[in-house]
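Structure at a glance
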Amino acid sequence: MSQNTEIDPVYAEEIGHGNSIAAWSCVLIMTVGFIVGGIAFANLAWSIVWVGCGIVVLGLIVGAILKAAGFGVGGARSGASH
């Protein structure tokens, strides 16, 4: 009985969990936006709900800018070799 112990290259790749400055900044800003929007929604303050939505979009933009600047996973300025 022979067992094939060769690992499929698809499964050998390291999963990128987004542990970078860009990812953490994006998630932190978006979390603040969801909290602001959720509290405003519960209080029926619709204008503040939209401010919360804007903060979430801002988080996406900040994350994309930081990733482009090299602060993403494997980026030149990330400080880690993921």
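Scroll up to find the structure this text is about.
A quick note: this is a predicted structure, and the numbers were derived from the prediction, not measured.

With that settled, consider the overall build of the protein chain. Summing up its helical and strand segments, the protein chain has three helices and zero strands in all. Along the protein chain, from the amino end to the carboxyl end, the secondary structure elements read α-α-α. When contacts within the protein chain are restricted to residue pairs at least 6 apart in sequence, long-range pairs at least 24 apart make up 52% of them. Roughly 6400 Å² of accessible area belongs to the protein chain as shown, and the carbon and sulfur atoms make up 68% of that amount.

Structurally, Ile29 is set in helix 2 (residues 21–42). Sequence separation of Ile29 and Leu60 is 31 residues, and the distance between their C-alpha atoms is 8.4 Å. Apart from residues no more than four positions distant in its own chain, Ile29 is found in contact with Ile55, Leu58, Gly59 and Val62.

On to the environment of Ala23, then. Along the polypeptide, Ala23 turns up in helix 2. For Ala23, a relative accessible area of 24% gives the class partly exposed. Separated by 49 residues in sequence, Ala23 and Gly72 have C-alpha atoms that sit 6.8 Å apart.

Now for the packing of helix 2 against helix 3 (residues 46–71). The N-to-C vectors of helix 2 and helix 3 enclose an angle of 180°; their axes lie 7 Å apart at closest approach. Looking at the two axes, helix 2 sits roughly antiparallel to helix 3. Split into classes, the residues belonging to the contact of helix 2 with helix 3 amount to 20 nonpolar, six polar and one charged.

The next thing to look at is unusual backbone geometry. Despite not being glycine, Leu44 has its phi angle at roughly 60°, a positive value. Tracing the chain through its elements places Leu44 in the loop between helix 2 and helix 3. A relative accessible area of 58% places Leu44 in the exposed class.

Compared with the 38 Å implied by 1.5 Å per residue over 26 residues, the 35 Å span of helix 3 between its first and last C-alpha is a close match. Inspection of helix 3 places Val49, Gly52, Val56, Gly59, Gly63, Leu66 and Gly70 among the buried residues, and these make up the whole buried set. Elements in contact with the buried residues of helix 3: helix 2.

On to the side chain of Ser20. Tracing the chain through its elements places Ser20 in the loop between helix 1 (9–12) and helix 2. In this structure Ser20 touches Phe71, Gly72 and Val73, once residues within four positions along its chain are discounted.

Rules used in this analysis
- Residues numbered from 1 in each chain as written.
- Predicted model: local features only at pLDDT ≥ 70, side-chain atom pairs only at ≥ 80, totals over all residues.
- Heavy atoms only, no water.
- Helix = DSSP H or I, 4+ residues; strand = E, 2+ residues; numbered from the N terminus.
- Contact = heavy atoms within 4.5 Å.
- Areas by Shrake-Rupley, 256 points an atom, 1.4 Å probe, with all protein chains shown as cover.
- Buried < 20%, exposed > 50% of the residue type's maximum accessible area, 1.4 Å probe, protein only.
- Axes fitted to C-alpha atoms, helices over the stretch in contact; angles between N-to-C directions.
- Parallel < 35°, antiparallel > 145°, perpendicular 65-115°, else oblique.
- Nonpolar A, V, L, I, M, F, W, Y, C, P; charged D, E, K, R; others polar.
- Expected span 1.5 Å × (residues − 1).

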